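# Observations on the three-dimensional arrangement
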Amino acid sequence: MKQDLEPDQETPSKTRRKKDMLSLQRLGQELLTFNQKKLSQLPLTPILRNALDEYKRLPNSREARRRQMQFIGRLMRDVDYIQVTAAIAEYQEKSHRPSTSPARAAAICKQLLDGGDVAIQALLAESPHLERQTLRHYCREYSRADETQRSAIKARLLKYIETPASI
């Protein structure tokens, strides 16, 4: 028995449904590039967050990751797609900034290596795209290293500070 549908309420074609499903999977793949802190700021269900974490833990087995991605796409149906894409766009707009000049990065690097946690806190207040754990790691590594290794560590810290934020 066929239901009577109004002309504006026709069911979408199979092709349209597949395209919608693939777009949800692509959004799920984009979410995989976010770290935990950024994911927690997005309006996602706990089940979807767990599925994203599970995908990252999977071995490099192509089939396992493909199935998990399909599962993530299925879970994306329960999330407000428009709200998630708007939050991602807003975050990307905030995080796109020009790279720090080499002179400014060198001054920041010197302050971090001399000032420790206080300097890290001050830098994070003005540059929220940087991660505290990474900055602390470089400072700790620099303080433990001998003179020959310090220049390499300082160069990596400079590169981290100079590069623009990425998602």
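Presented here is a report on the structure given in the accompanying data block. (Residues numbered from 1 in each chain as written. Predicted model: local features only at pLDDT ≥ 70, side-chain atom pairs only at ≥ 80, totals over all residues. Heavy atoms only, no water.)

## Remarks on the packing of helix 6 (residues 102-115) against helix 9 (residues 147-162)
In plain terms, the rule: Note on geometry: axes are lines fitted to C-alpha atoms, helical ones only across the stretch in contact, with angles between N-to-C directions running from 0 to 180 degrees. Secondary structure is summarised from DSSP: a helix means a run of H or I of at least four residues, a strand means a run of E of at least two, and numbering begins at the N terminus for each. Throughout, the term roughly parallel applies to angles under 35 degrees, roughly antiparallel to angles over 145, roughly perpendicular to angles from 65 to 115, and oblique to all others. Handedness of a crossing follows from how the near helix is turned relative to the far one, being left-handed for an anticlockwise turn of less than a right angle and right-handed for a clockwise one. Whether two residues are in contact is decided by their heavy atoms, any of which lying within 4.5 Å being enough. Here the term charged refers only to Asp, Glu, Lys and Arg, the term nonpolar to Ala, Val, Leu, Ile, Met, Phe, Trp, Tyr, Cys and Pro, and the term polar to all other amino acids, Gly among them.
Look at helix 6 against helix 9: their axes get within 9 Å of each other, and the N-to-C directions meet at 125°. In terms of their interaxial angle, helix 6 and helix 9 are classed as oblique. The two elements helix 6 and helix 9 cross, and the hand of that crossing is right-handed. Of the residues in helix 9, those touching helix 6 at Pro102, Ala105, Ala106, Ile108, Cys109, Leu112 and Leu113 are Lys154, Leu157, Leu158, Ile161 and Glu162. Here the residues of the contact of helix 6 with helix 9 sort into 10 nonpolar, no polar and 2 charged.

## Looking at the nonpolar core
We apply this condition: By nonpolar core we mean a set of buried residues, namely Ala, Val, Leu, Ile, Met, Phe, Trp, Tyr and Cys, connected to one another through side-chain atoms within 4.5 Å. For every residue, the accessible area (1.4 Å probe, protein chains only) is compared with the maximum for its type, and the residue is labelled buried under 20%, exposed over 50%, or partly exposed between those bounds.
Counting 21 residues, the largest nonpolar core has Leu31, Leu44, Leu48, Leu52 and Ile72 as its most contacted members. Elements with a minimum of two residues in this core: helix 1 (14-31), helix 3 (46-57), helix 4 (62-76) and helix 5 (81-95). Looking at which element gives the most residues to this core, the answer is helix 4, with 5 residues. Those residues in contact with Leu48 that lie beyond four places of it in its chain are Ile72, Leu75, Met76 and Val79.

## A closer look at the packing of aromatic side chains
So the rule is basically this: Each Phe, Tyr or Trp ring (for Trp, its six-membered ring) is paired with any other whose centre lies within 6.5 Å, and the angle between the two planes then decides the class: stacked below 30 degrees, edge-to-face above 60, tilted in between.
The final tally for this structure, using the stated rule, is 1 aromatic pair. Where Tyr138 meets Tyr160, the ring centres are 6.1 Å apart and the plane angle is 50°; that geometry is what we call tilted. Residue Tyr138 is found in helix 8 (residues 132-144), and its partner Tyr160 is found in helix 9; the two are separated by 22 residues along the sequence. By relative accessible area, Tyr138 is classed as buried at 14%.

## Side note on the pattern of salt bridges
Rules: Each salt bridge in this description consists of a side-chain nitrogen of Lys or Arg and a carboxyl oxygen of Asp or Glu lying within 4 Å of one another.
Tallied over the full model, the rule gives 9 salt bridges. Close ionic contact of Glu54 with Arg57 constitutes a salt bridge, the shortest N to O distance being 3.3 Å. A residue pair is termed a helical-turn pair when its members lie 3 or 4 positions apart in one helix, as Glu54 and Arg57 do in helix 3 at 3 residues. In this structure Glu54 comes out as partly exposed when scored by relative accessible area, which is 33%. The salt bridge partner of Asp117 is Arg136, with a shortest N-O separation of 3.2 Å. Placement of the pair is Asp117 in helix 7 (residues 117-126) and Arg136 in helix 8, with a sequence separation of 19 residues. Residue class for Asp117 comes out partly exposed when judged on its relative accessible area of 48%. Connected via shared salt-bridge partners are Glu63, Arg66 and Arg67.

So, to be careful, I would describe these as geometric facts and stop short of saying anything about function.
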